[in-house]
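Here's the letter readout for the chains.
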Amino acid sequence: MTATVTTPVARRLPRKKTVVPWLFLAPGLLLALVFKFWPMAKGIWLSFFDVRPFLGDQWIGLDNYTRVLTDHRFQDAIGHTLVLGLGQSLGAILLGFVLALLLEGQARSLKIIRTAVFLPAVTATAVVGELWRLMYYPTSDGLLNSGLHLLGLGPVQFLDNPNLALYSTMAMGIWIWAPYNMVIILAGLAGVDRSLYEAAAMDGVSLWQRLRYVTLPAIRPALGIVLTLAAIRGLRVFTEVYVLTGGGPAGSTEVWMTRAYTLGFTRNDIGGASAASVVLLCVTLLLTVTVNYFRKRGDAR
């Protein structure tokens, strides 16, 4: 019988393997703690106070939440957020799916086109917003209005008309996020078994049946990811609205985040802005958990 001798070096190896990954993660965790989690905790704390700079904060409990949720402008902003988020998310998913089907393949020309199509997703939203402002220019000199002028229409007040401003902002959001969804869906399409398409072609099924019974079930995980991200992004929409309309005209495009921004930085209501942000955080978490639950439930079938 041979006894196994455990050397000190062998005992130290597991501990070293455990410590080294954390050393690499430490800078990122430190940055996240300082610039994300600590401000988040501070915002939750301030939401229970009447924040009075230089006078001392006063504890008021849930009054900020009650005041924010009963504010009619905040209620209007919630409605705009739901309409904008839902339309923008569904439109971007549908357009991204169509683009993925059109640009799927290994040809070099397709790779170049995919790169060009993906550019809106990596361009700063502020820059995109300024470009769309020029496109929506309310006179016949604007890009869209000049095209309408050739058809004997317009000019249309895309951003100055309260009935059109929200949908004009939605169109820009769809244009920005559809390429991002396209890339995720393309990754899902790459994993589809090609023999299924060949079998479907031999059976003489239509294009719609092929999409419904072969493509969509195969890319369900990718669609679940796209739907989750779109739901979060739809509730947190801010930059598109702020750059394009600033919440106007007459508050017709004011959304959850722009209302919280106005409370905090225009009206200096830090407690109310913090409460609005905490409510948004809770709703986002609830929506994310719900979407993931139904996604996992669908994948288990």
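Our subject is the structure that appears above.
Rules and cut-offs
- Residues numbered from 1 in each chain as written.
- Predicted model: local features only at pLDDT ≥ 70, side-chain atom pairs only at ≥ 80, totals over all residues.
- Heavy atoms only, no water.
- Patch = residues over 30% accessible without salt bridge, like charges linked within 9 Å, V, L, I, M, F, W, Y side chains within 5 Å.
- Areas by Shrake-Rupley, 256 points an atom, 1.4 Å probe, with all protein chains shown as cover.
- Salt bridge = Lys/Arg side-chain N within 4 Å of Asp/Glu carboxyl O.
- Helix = DSSP H or I, 4+ residues; strand = E, 2+ residues; numbered from the N terminus.
- Buried < 20%, exposed > 50% of the residue type's maximum accessible area, 1.4 Å probe, protein only.
- Axes fitted to C-alpha atoms, helices over the stretch in contact; angles between N-to-C directions.
- Parallel < 35°, antiparallel > 145°, perpendicular 65-115°, else oblique.
- Left-handed = near helix turned anticlockwise from the far one by under 90°.
- Contact = heavy atoms within 4.5 Å.
- Nonpolar A, V, L, I, M, F, W, Y, C, P; charged D, E, K, R; others polar.

K.L.:
What should I look at first to understand a nonpolar patch on the surface in this one?
P.N.:
On the surface, L30, L31, L33, V34, F35, F37, M40 and I44 cluster together to form a nonpolar patch covering roughly 770 Å² of accessible area. Position of M40 relative to the elements: it lies in helix α1 (residues 8-46). Residue classification places M40 among the partly exposed residues on the basis of a relative accessible area of 33%.

K.L.:
Where do I start with the pattern of salt bridges in this structure?
P.N.:
Pairing between side chains of opposite charge can happen when their charged atoms approach one another. Following the criterion strictly, the structure yields five salt bridges and no others. Among the ionic pairs, E130 bridges to R133, the shortest N-O distance being 4.0 Å. Taken as a pair, E130 and R133 lie in helix α5 (residues 125-135) at a separation of three residues, close to a single helical turn. Its relative accessible area of 36% is what places R133 among the partly exposed residues. A salt bridge links R259 to E254; the shortest N-O distance between them is 4.0 Å. The exposure class of R259 is buried, given its relative accessible area of 2%. In this structure, a network of salt bridges that share partners links the residues D71, R73, E254 and R259.

K.L.:
Just checking my understanding: could you explain the packing of helix α8 (residues 194-203) against helix α9 (residues 207-218) for this structure?
P.N.:
Geometrically, a packed helix pair is captured by the angle between its two axes and the distance between the axes. Axis separation between α8 and α9 bottoms out at 10 Å; the angle between their running directions is 155°. Taken together, α8 and α9 sit at an angle that is classed as roughly antiparallel. As for how α8 packs across α9, the hand of that crossing is right-handed. Here L196, Y197 and A200 of α8 come into contact with α9, specifically with R210, V214 and T215. Across the contact of α8 with α9, the residue classes break down as four nonpolar, one polar and one charged.

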